[in-house]
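Given next are the chains, with one letter for each unit.
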Amino acid sequence: MCGIVGYIGEQNAYPIIINGLKKLEYRGYDSAGVAINNLKNINVYKKKGKVSDLEAFTKGKDISGTIGMGHTRWATHGVPNDVNAHPHTSMNGKFVIIHNGIIENFAVLKKKLVARNYTFKSETDTEVLADLIEYIYLFGKVNAETAVRLALNKVIGAYGLVVMCTDEPDKLICARNSSPLVIGYGDNEYFIASDATPFVQYTKKAVYLDNQNLAVITRDSVTVKTIKNDVINPDIQQIDFDSDEAEKGGYRDYMLKEIYEQPKSILETIRGRVYENENAIKLGGLLDVMPKLLNARRIIIIGCGTSWHAGLVGEYLIEEYARIPVEVEYASEFRYRNPILTQDDVVIAISQSGETADTLAAIQLAKAAKACVIGICNVVGSSISRETDAGVYTHAGPEIGVASTKAFSTQVTVLAMIALLLGKCKYMIGQQQYHQLLTELLSIPEKIEHTLQSAAKVEEVAKLYKDSRNFLYLGRGCYYPVALEGALKLKEISYIHAEGYPAAEMKHGPIALIDDKMPVVVIATQDKGYEKIVNNIQEIKARKGKIIAIVSEGDTVISKMADHVLEVPKFDTAIGAITTIVPLQLLSYYIAIMRGCNVDQPRNLAKSVTVE
Ligand code: F6R
């Protein structure tokens, strides 16, 4: 939540900052602001709304300067308006600051500052921090870096922040605790950002700041320290994606691009990990923890939103193929309910961003209980990927659309690989079945590609139901979480109420909702639960519900009962469940577009939820 960009170098800072903010808008788009330093003045411009509103606002204004920073906000403290927008300037104008995170003890700090005659313009916790730094600077007679450091020692909470000081104009000071911050190392120029996308076109060398670390950046140096003042030798890493991966590449929106990228993303997920000829799966990131995994008393999968849905599919796959008991928990519930954990448990934390606050806190809890914690993340170098004992990256490439699509299918792919790997090592799967499962896994990209070719048919169905007020999504077994995910996609981008339900549970309540206006999306592919789902479809039909069925190619039974059928290629095992999400993603996408919604930036949402 909230995106941060900073630049110091020889180029004009403003265009770099603005373009960087556009790439980070997925993190929040309630307001945007910049501070550009031309070594005489720090000009601050901020505006409610999107980065484009800020751009319009700065037209004709002085935006000169080669040092700058910018912020795109997802509101926590204070409504989205011009005053609460970042950057915030301290009362006496000495410090300007942008911040992502929450200062939890801001009320206590504010009270102390009020007692020292500080007054506040905004409702934000960030302004309190700006004033605290200034107070320490002025009354402690210390330099800017020390003032920031001492202030951060008084702060409880999460921050990724950048600070400018009018008395020391030729530097940026940045710091991080629980909110991500990356420093890009160019030639005589440095970049700061919440993730690497704003600067990957300029440099691929980066340092991911650790918690409670601070960096002082001038045009020709970066000094990294802890907030306790211990100097750190930072580990400069190579970024492994290209700038065009974070562009729309000719698609109308990021979401559509990311839906269509799924075959390629899944290929990346399995690349170098699935060896059909050797009949083997190799997950290098799990080598060290394999004994723990194989002897696990149980596996607990934690995540939020779409990642939690992927976890539910994982539960099905791991129990089916590896016969290890699995529980799936919302990270936000798990962290607060005093769960019983031992060192014989393995926790798998799933997160696209690798920054979700609840998932991070749940990991810390699991580690404190000495459970082994494995991460499944997309963003390389993210907090979760560094906090976990071992892990597997999804390698889906940057996901910019706020609604997760390729993250889900690649997370499920990783879970399928883990399930099969464990199943084989535990002798739960015979050689021949294993080979069949691997072949099926390897065929997923092609089958998704094939499914995407029916997009026009999905669009026709979307046209018929775009004005519906409610949707029901039903599935059984591993398709139940797919139904949940389909419903989540629809509600978050089209604002239509949608519920996902296990198909057989329908008659215990939701069936009361069904009438001739209710579209019911049923995942009804030909596998284990097929006959049962056919019965469920009859039950909906009897109540005149409108049935949109996701069926296996060539199904002639359901096509006679359903109002619409959307086909996916046939699968023999649960490994194919991933494919059925594709028509559901497209359905929600087209409905949202037809309703005039911004699919990449749905209202009230942000991609990376770094607050609880
Ligand atoms: C839904 C969506 C969210 C995220 C959730 C967890 O489309 O994107 O529900 O799945 O906020 O985010 P990560 O996976 O980054 O931990």
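Residues numbered from 1 in each chain as written. Predicted model: local features only at pLDDT ≥ 70, side-chain atom pairs only at ≥ 80, totals over all residues. Heavy atoms only, no water.

Neighbouring the ligand are 15 residues; Ser307, Ser351, Ser353, Thr356 and Glu492 lie closest to it. Ser307 places a side-chain nitrogen or oxygen 2.6 Å from an oxygen atom of the ligand. Thr356 is positioned with one of its side-chain polar atoms (N or O) 2.4 Å from an oxygen atom of the ligand. Here the ligand loses 91% of its free accessible area of 410 Å² to cover by the protein chains. Applying the majority rule of atoms within 2 Å of the grid points places the ligand in the second largest pocket. Elements with a minimum of two residues in the shell around the ligand: α9 (305-322) and α16 (479-494). For the shell around the ligand, the residue count by class is five nonpolar, eight polar and two charged. When we break the shell around the ligand down by domain, the ones giving at least three residues each are domain 2 (243-451) and domain 3 (454-600). (Near = heavy atom within 4 Å. Polar contact = N/O pair within 3.5 Å; in protein donor to acceptor, adjacent residues only side chain to side chain. Areas by Shrake-Rupley, 256 points an atom, 1.4 Å probe, with all protein chains shown as cover. 1 Å grid on protein atoms, 1.4 Å probe; cavity = no way out; pocket = protein on both sides within 12 Å on 5 of 7 lines; lining within 4 Å. Sits in = over half its atoms within 2 Å of the grid points. Helix = DSSP H or I, 4+ residues; strand = E, 2+ residues; numbered from the N terminus. Nonpolar A, V, L, I, M, F, W, Y, C, P; charged D, E, K, R; others polar. Domains from an automatic or database assignment.)

Taking 1.5 Å as the rise per residue, helix α1 (residues 13-24) with 12 residues should run 16 Å; its terminal C-alpha atoms sit 16 Å apart, in good agreement. Counting buried residues in α1 gives nine out of 12 residues, a clear majority hidden from the surface. Lining the buried residues of α1 we find β1 (3-8), β2 (31-37), α2 (51-58), β4 (67-73) and β10 (190-193). (Expected span 1.5 Å × (residues − 1). Buried < 20%, exposed > 50% of the residue type's maximum accessible area, 1.4 Å probe, protein only. Contact = heavy atoms within 4.5 Å.)

Left-over empty space is what a probe sized like a water molecule reveals as it rolls over the atoms. In this model, the largest pocket occupies a volume close to 720 Å³. Lining the largest pocket are 41 residues; nearest its centre among them are Phe241, Asn378, Val379, Gly397 and Pro398. Breaking the lining of the largest pocket down by element, the ones donating at least two residues are β15 (237-238) and α7 (262-270). Here the lining of the largest pocket gets three residues from one element, more than from any other, and that element is α7. In the lining of the largest pocket, the residues fall into 14 nonpolar, 13 polar and 14 charged. When residues of the lining of the largest pocket are assigned to domains, at least three map to each of domain 1 (3-239) and domain 2 (243-451). Each pocket or cavity is described by its volume, and for the second largest pocket that value is around 620 Å³. Forming the boundary of the second largest pocket are 29 residues, of which Cys304, Gly305, Thr306, Lys607 and Val609 lie nearest the centre. Examining the composition of the lining of the second largest pocket, we find that five residues originate from one element, α9, more than from any other. (Points joined across faces, edges and corners; volume = space filled by probe spheres on them.)

Remark: α1 packs on α2, axes separated minimally by 9 Å, with the N-to-C direction vectors making an angle of 155°. If you check the angle between α1 and α2, you find them roughly antiparallel. Facing α1, whose interface residues are Tyr14, Ile18, Leu21 and Lys22, α2 presents Val51, Leu54, Glu55 and Thr58. Residue composition of the contact of α1 with α2, grouped by class: five nonpolar, one polar and two charged. (Axes fitted to C-alpha atoms, helices over the stretch in contact; angles between N-to-C directions. Parallel < 35°, antiparallel > 145°, perpendicular 65-115°, else oblique.)

Further remarks concern the sheet that holds β1. Spatial strand order, β3-β2-β4-β1-β10-β9-β11-β15: eight strands in an open sheet with antiparallel pairing. Strand pairing shows two members of the sheet lacking a second neighbour, β3 (42-48) and β15, which therefore form its edges. Sheet strands touched by α1: β1, β2, β4 and β10. Its angle to β1, the strand with the most contacts, is close to 160°. Packed on one face of the sheet, α2 meets β2, β3 and β4 and runs near 130° to β3. (Pairing = 2+ DSSP bridges.)

Another aspect to go through is empty space enclosed by the protein. With the rule as written, the count across this model stands at two cavities of 30 Å³ or more. Reported here for the largest cavity is a volume of approximately 70 Å³. Around the largest cavity, the lining residues are Cys2, Arg73, Trp74, Thr76, His77, His86, His99, Gly101, Thr124, Asp125 and Thr126. Tallied by class, the residues present in the lining of the largest cavity amount to two nonpolar, seven polar and two charged. Within this model, the second largest cavity holds a volume of roughly 50 Å³. Lining of the second largest cavity is provided by Tyr479, Thr525, Gln526, Asp527, Ser552, Val568, Pro569, Phe571, Gly576, Ala577 and Thr580. For the lining of the second largest cavity, a count of residues per class yields five nonpolar, five polar and one charged.

Domain annotation of the protein chain identifies domain 1 (3-239), domain 2 (243-451) and domain 3 (454-600). On a C-alpha basis, the centroid separation for the pair domain 1 and domain 2 is 33 Å. Each partner contributes residues to the interface: domain 1 has 12 residues there, and domain 2 has 12 residues. Taking both sides of the interface into account, the surface hidden between domain 1 and domain 2 amounts to around 1000 Å²; carbon and sulfur atoms contribute 54%. The largest share of the area that domain 1 buries against domain 2 comes from Lys23, Tyr26 and Tyr208, three residues that together contribute 39% of it. Taken together, domain 1 and domain 2 are joined by one salt bridge. Remark: the boundary between domain 1 and domain 2 carries three residue pairs in polar contact (both at pLDDT 80 or more). (Buried area = accessible area lost by both parts, 1.4 Å probe. Salt bridge = Lys/Arg side-chain N within 4 Å of Asp/Glu carboxyl O.)

Among the nonpolar cores identified, the biggest contains 93 residues, and Ile281, Leu286, Ile299, Leu420, Leu441, Phe471 and Tyr473 are the most heavily contacted of them. Considering every element that reaches this core, the biggest residue donor is helix α13 (residues 406-425), with 11 residues. Viewed by domain, this core spans two of them, domain 2 (243-451) and domain 3 (454-600), each represented by three or more residues. Ignoring any residue separated from it by four or fewer positions in sequence, one finds Phe471 in contact with Tyr465, Leu490, Ile496, His497, Ala498, Glu499, Met518, Pro519, Val521, Ile548, Leu587 and Ile591. Tyr29, Ala32, Val51 and Tyr208 belong to the second-largest nonpolar core, a separate cluster that totals 31 residues. (Core = buried A, V, L, I, M, F, W, Y, C linked by side-chain atoms within 4.5 Å.)

It is worth spelling out the sheet that holds strand β22 (residues 390-393) at this point. Strand order in the open sheet made by the five strands is β19-β18-β20-β21-β22, with parallel pairing throughout. Only two strands of the sheet have a single neighbouring strand rather than two, namely β19 (326-330) and β22. Strand-to-strand, the axes of this sheet are offset by a mean angle of 20°, without reference to chain direction. Note that strand β20 (residues 345-351) and strand β21 (residues 372-377) share six bridges and pair parallel. Paired with Ile350 across the bridge in β21 is Ile376. Contacts from α9 reach β18 (298-303), β19 and β20 within the one sheet, and its direction differs from that of β19 by about 175°.

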